[in-house]
Amino acid sequence: MLPLLKSVPVSKLSSLHQRAYKYFSSATSFLQKDTIFSTLFNSCVNVNVTKQLHALLVVFGKSQNVVLSTKLINLYVTLGDISLSRSTFNHINKKNIYSWNSIISAYVRFGRYNEAMNCVNELFSMSDDLRPDFYTFPPILKACVCLVDGKKVHCCVFKMGFENDVFVAASLINLYSRFGVLKIAYKVFVDMPVRDVGSWNAMISGFCQNGDVVGALGVLNRMKGEGVKMDTVTVSSILPVCAQSEDIVNGVLIHLYVLKHGLDSDVFVSNGLINMYSKFGRLWDAQRVFDYMEVRDLVSWNSIIAAYEQNDDPNTALKFFKGMQIVGIRPDLLTVVSLMSIFSQLSDQRVSRSIHGFVMRREWIEKDVVIGNALVNMYAKLGDMNCAHTVFDQLPSKDAISWNTLITGYTQNGLASEAIDAYNMMEECIDIIPNQGTWVSIIPAYSHVGALQHGMKIHVRLIKNSLYLDVFVATCLIDMYGKCGKLEDAMSLFYEIPRETSVPWNAIISSLGVHGHGEEALQLFKDMLAEGVEADHVTFVSLLSACSHSGLVDEGQKCFDIMQKEYGIEPSLKHYGCMVDLLGRAGYLKKAYDLVRSMPVQPDASIWGALLSACRIHGNAELGTLASERLLEVDSENVGYYVLLSNIYANTGKWEGVVKVRSLARDRGLRKTPGWSSVVAGSKVEVFYTGNQTHPKYAEIYRELRVLSAKMKNLGYVPDYSFVLQDVEEDEKEQILNSHSERLAIAFGIISTPPGTPIRIFKNLRVCGDCHNATKYISRITEREIIVRDSNRFHHFKDGICSCGDYW
């Protein structure tokens, strides 16, 4: 029932009623004019007042006026009441195309596409005297929820001759772009006899939505060639493409165009520029755009905060967040997502948990899966995988990103087995489809545990959908084959994939390095430069590491100099760590120590650890003690460093030093990481710990080791007791050596696999010198290739020789 005016004092009436009362007092006949009612629409600021106007239209017999009723339909929609719009539409006896267009647009605006299509079908089923016009089709095309419906509407457009209308054609371009059919979208665009800037924007946006960078830039260049000027929509669409294609030149040129034509006053354009510059790491340019903005919205603040957060400058990002609070801008979901990353980078557990509480109080996890995924990622970066998994379990809905975040968290925290378990659970969810992020998360986990067979299954799966050609996925596969000892397969895959960026080159150079092929790594670096690929800081970390593993001291020093002089790359702690390892491993302990002392940055645990490791290799207890003292100042909780120093004292027979260091570690509640080795037998991975006697086949394993020991001694093997770090009798020392985890794994591999087949061993610690020597004898006796990956590098044992040349 529509409300009617009641008899009340004029002073009590609303502004609409007062104006109507004025017209009533003048002349009733005057109210019969439609123009008077049109002016009353301006007073309708809410649904209740609009209903009162509606009542007036009914009273004066104007409810069947199609123009006024159509305005009423649109007004109800503007005020957010679609049901009253439909009711008004239904009461029009003689509907024209404008009223049909209004109700169809109303449903589309509210996202109720099924009701919109029902109206379309009803309209098309009517007699030919009511014909759709060019205003009808844009909302209809937006309402199409499947490509088949879209093509049907396209046929109607063509049949009725509207394909040349710029608005209809632009809507067709948007339709086909939405469903990824860019070929047809581009044909519609090309066939347009006249194009306005909206048409160009639609085509550029279509290519951008589908990740076709080349197509988007091609249309943009054609647009420039035809003299069509870019507007704010064009600029906002193309800036992300410049960042995606790493085209800083075009990005800067567009920025110049923006300044020249005064488009920088548009907040969307400025936000796009901030995001673009942040993707290139040009934070100064991003901040300059932000500083010159006359008006900043929430997106502007989020963009500048995210720019610094994503470029590993959490302190500056936090400064901008505080500035945002000062000007009274309230944070939203995206702000909080950035804050989670900021405080995880700062390793601030307390504030991170406060943010979690903030999110829980507002029930944001239930509203958006993005915030839940960010929480999982935050705890993973803080190293608290228990909390990460708890949050993950509490997510009301999980998407592929949720699973990818959990898997990545486990992998990056060294929990490869848990990452694999999470991936297996994800595979059981039929509604979750693995994507690029999934493969980039799980393949490194397989690499870590040496699960070659599982990694190869993933590779086969990727070949079927050509995802193995994706540079990031392919790089993970190269790394996996390299770390699982299949260097030939890693090289073969490397030459199959696109190599325009340094990412795959870095991976294969690193793989060659850990296998001891330093010369080949250097040659590949030359090939990389010859192909026009620019080296980055990661390239030189891989190169220096390769030189270190192969003892190429002079070549390593040249690379270190070239990096600074020719590429302008300032050495990071990783580069210095590689150089200290290179010099120290080669016996240049004084040079290594001098380099540490001359570093412009404060040495961290990795630097002193590399020096301490070199001291252990060369038995320099004095410098080792000094390095250990510095090391324990910066990282007193790493038990591995106590073990290194203890080994140095043990190798030189200073047992009192061994007792002192072990007591110090014990007093601090630290326990030595137990040595373990795994071996692949068939499709199963067996893990052995040093001295393990619980394996079902332990009797056969020790029997095989006794037989091998006898044969080795006949060939000249002499146990090296210096690697027994306990003050016990010699017969006990030999027994201890024989029960090292890698020997147990090798013996199991021999009795569990066919003769002549390779044996692949993965060890969590460095292979000891005696086991290294023994494995050379075993490879000769058994006529097998034994591939051992320890914590530092690969060793390929064959015919009594190791690929490392006894240099590791």
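Right above here is the structure, for reference.
Computed from a predicted model, the values in this text were never measured in an experiment.

1. Regarding the overall build of the protein
Next up, step 1: Along the backbone of the protein there are 44 helices and six strands.
Next up, step 2: Residues counted as buried form 49% of the 808 residues belonging to the protein.
Next up, step 3: Put simply, of all contacts in the protein between residues at least 6 apart along the chain, 61% involve residues at least 24 apart.
Next up, step 4: Accessible surface for the protein amounts to roughly 39200 Å². Of this, 53% is attributable to carbon and sulfur atoms.

2. Examining the pairing of strand 2 (residues 684–689)
Next up, step 1: Two elements, strand 1 (residues 676–681) and strand 2, share six bridges in a ladder whose sense is antiparallel. Paired with Ser 678 across the strands is Val 687, a residue of strand 2.
Next up, step 2: The antiparallel pairing of strand 1 with strand 2 creates a hairpin that spans two residues between the two strands, and Gly 682 there sits at a positive phi of about 70°.

3. Focus: helix 29 (residues 471–483)
Next up, step 1: Between its first and last C-alpha atoms helix 29 spans 18 Å; for 13 residues at 1.5 Å apiece the expected length is 18 Å, and the two agree.
Next up, step 2: Residues of helix 29 that are buried: Val 473, Ala 474, Thr 475, Cys 476, Leu 477, Ile 478, Met 480, Tyr 481 and Gly 482.
Next up, step 3: The elements touched by buried residues of helix 29 are helix 27 (436–449), helix 28 (452–464), helix 30 (487–494), helix 31 (502–514) and strand 5 (794–798).
Next up, step 4: The distance from a side-chain oxygen at the start of helix 29 to the backbone nitrogen of Phe 472 is 3.0 Å, and the residue carrying that oxygen is Asp 470.
Next up, step 5: At the C-terminal side of helix 29, Gly 485 shows a positive phi close to 85°.

4. Things to note about the nonpolar core
Next up, step 1: The biggest cluster of nonpolar side chains holds 189 residues, and the ones touching the most others in it are Ile 254, Met 340, Val 359, Ile 442 and Ile 443.
Next up, step 2: Residues within four places of Met 340 in sequence aside, it is in contact with Ile 355, Val 359, Ile 371, Ala 374, Leu 375 and Met 378.
Next up, step 3: In this structure, Tyr 702, Leu 708, Ile 750 and Cys 768 belong to the second largest nonpolar core, which totals 29 residues.

5. Structural notes on the pattern of salt bridges
Next up, step 1: Scanning the model with the defined rule gives 14 salt bridges in all.
Next up, step 2: The salt bridge involving Asp 191 is made with Lys 187; its shortest N-O contact spans 2.8 Å. Within this pair, Asp 191 and its partner Lys 187 are both found in helix 11 (residues 182–191), separated by four residues, close to a single helical turn.
Next up, step 3: Taking relative accessible area as the criterion, Asp 191 reaches 46% and is therefore assigned partly exposed.
Next up, step 4: Asp 770 is the salt-bridge partner of Arg 743, the closest N and O atoms lying 2.1 Å from each other. Of this pair, Arg 743 sits in helix 43 (residues 741–752) while Asp 770 sits in helix 44 (residues 769–782), and the two are 27 residues apart along the sequence. For the pair Arg 743 and Asp 770, one class covers both residues: buried.

6. Section: the environment of Asp 264
Next up, step 1: Within the secondary structure layout, Asp 264 lies in the loop between helix 15 (248–260) and helix 16 (267–279).
Next up, step 2: Of the residues examined, Asp 264 reaches a relative accessible area of 35% and is grouped as partly exposed.
Next up, step 3: Distance in space between the C-alpha atoms of Asp 264 and Glu 294 is 9.4 Å, their sequence separation being 30 residues.
Next up, step 4: When near neighbours in sequence (up to four residues on either side) are disregarded, Asp 264 contacts Val 258, Leu 259 and Ser 270.

7. Some remarks on the sheet that holds strand 5
Next up, step 1: With mixed pairing, the six strands of this open sheet are ordered in space as 2-1-3-4-5-6. Pairing within the sheet leaves two strands with one partner each, and these edge strands are strand 2 and strand 6 (801–802).
Next up, step 2: Summarising the sheet, strand 3 (residues 759–763) and strand 4 (residues 786–789) pair through four bridges and their orientation is parallel. When the sheet's bridge partners are listed, Arg 760 is paired in strand 4 with Ile 787.
Next up, step 3: Where helix 43 meets the sheet, it contacts strand 1, strand 2, strand 3 and strand 4, and its direction lies at approximately 15° from that of strand 1.

8. A closer look at helix 11
Next up, step 1: Residues Leu 182, Ala 185, Val 188 and Phe 189 constitute the buried set of helix 11. The arc enclosing the buried residues of helix 11, seen along the axis, measures out at 120°, which places them on a common side. Exposed side chains of helix 11 directed beyond 90 degrees from the buried face belong to Lys 183 and Lys 187.
Next up, step 2: Taken together, the buried residues of helix 11 touch helix 9 (147–160), helix 10 (166–178), helix 12 (197–209) and helix 13 (213–225).

9. Details of the packing of aromatic side chains
The geometry of an aromatic ring pair comes down to the distance between the two centres and the angle between the two planes.
Next up, step 1: The full count for this structure, using the stated rule, is 21 aromatic pairs.
Next up, step 2: Note on Phe 89 and Trp 100: the rings are 5.0 Å apart at their centroids and 75° apart in plane angle, and the pair reads as edge-to-face. Note that Phe 89 is positioned in helix 5 (residues 82–90) and Trp 100 in helix 6 (residues 97–109), a separation of 11 residues in sequence. Here the two residues Phe 89 and Trp 100 agree in accessibility, since each one is buried.

10. Brief notes about unusual backbone geometry
Next up, step 1: Unlike most non-glycine residues, Glu 246 shows phi in positive territory, near 55°.
Next up, step 2: Of note in the backbone geometry, Asp 312 takes a positive phi value of approximately 60° without being a glycine.
Next up, step 3: Relative to the elements of secondary structure, Asp 312 occurs in the loop between helix 18 (298–310) and helix 19 (314–326).

11. Focus on the packing of helix 31 against helix 33 (residues 537–550)
Next up, step 1: Where helix 31 contacts helix 33, the two axes come as close as 8 Å, and the packing angle between them is 15°. Looking at the two axes, helix 31 sits roughly parallel to helix 33. The hand of the helix 31/helix 33 crossing is left-handed. Touching Ser 502, Asn 506, Ile 509, Ser 510, Gly 513 and Val 514 of helix 31 are Val 538, Thr 539, Ser 542, Leu 543, Ala 546 and His 549, all from helix 33.
Next up, step 2: Split by residue class, the contact of helix 31 with helix 33 holds five nonpolar, seven polar and no charged.

12. Topic: the packing of helix 36 (residues 589–598) against helix 37 (residues 605–618)
Next up, step 1: Between helix 36 and helix 37, the shortest axis-to-axis distance is 11 Å and the interhelical angle comes to 165°. By the angle between their axes, helix 36 is roughly antiparallel relative to helix 37. Remark: the crossing between helix 36 and helix 37 carries left-handed chirality. Within the contact between the two elements, helix 36 uses Leu 589, Ala 592, Tyr 593 and Val 596 and helix 37 uses Ile 607, Trp 608, Leu 611, Ala 614, Cys 615 and His 618.

13. Side note on the environment of Ile 173
Next up, step 1: You can see Ile 173 is positioned in helix 10.
Next up, step 2: For the pair formed by Ile 173 and Trp 200, sequence separation is 27 residues and the distance between their alpha carbons is 9.9 Å.
Next up, step 3: Apart from the residues lying within four places of it in its own chain, the contact partners of Ile 173 are Ala 185, Val 188, Phe 189, Met 192, Ser 199, Ala 202 and Met 203.

Parameters and conventions
- Residues numbered from 1 in each chain as written.
- Predicted model: local features only at pLDDT ≥ 70, side-chain atom pairs only at ≥ 80, totals over all residues.
- Heavy atoms only, no water.
- Helix = DSSP H or I, 4+ residues; strand = E, 2+ residues; numbered from the N terminus.
- Buried < 20%, exposed > 50% of the residue type's maximum accessible area, 1.4 Å probe, protein only.
- Contact = heavy atoms within 4.5 Å.
- Areas by Shrake-Rupley, 256 points an atom, 1.4 Å probe, with all protein chains shown as cover.
- Pairing = 2+ DSSP bridges.
- Expected span 1.5 Å × (residues − 1).
- Polar contact = N/O pair within 3.5 Å; in protein donor to acceptor, adjacent residues only side chain to side chain.
- Core = buried A, V, L, I, M, F, W, Y, C linked by side-chain atoms within 4.5 Å.
- Salt bridge = Lys/Arg side-chain N within 4 Å of Asp/Glu carboxyl O.
- Axes fitted to C-alpha atoms, helices over the stretch in contact; angles between N-to-C directions.
- Arc of directions from axis to C-beta.
- Phe/Tyr/Trp six-rings, centres within 6.5 Å; stacked < 30°, edge-to-face > 60°.
- Parallel < 35°, antiparallel > 145°, perpendicular 65-115°, else oblique.
- Left-handed = near helix turned anticlockwise from the far one by under 90°.
- Nonpolar A, V, L, I, M, F, W, Y, C, P; charged D, E, K, R; others polar.

Functional significance is not addressed by these values, which are geometric in nature.
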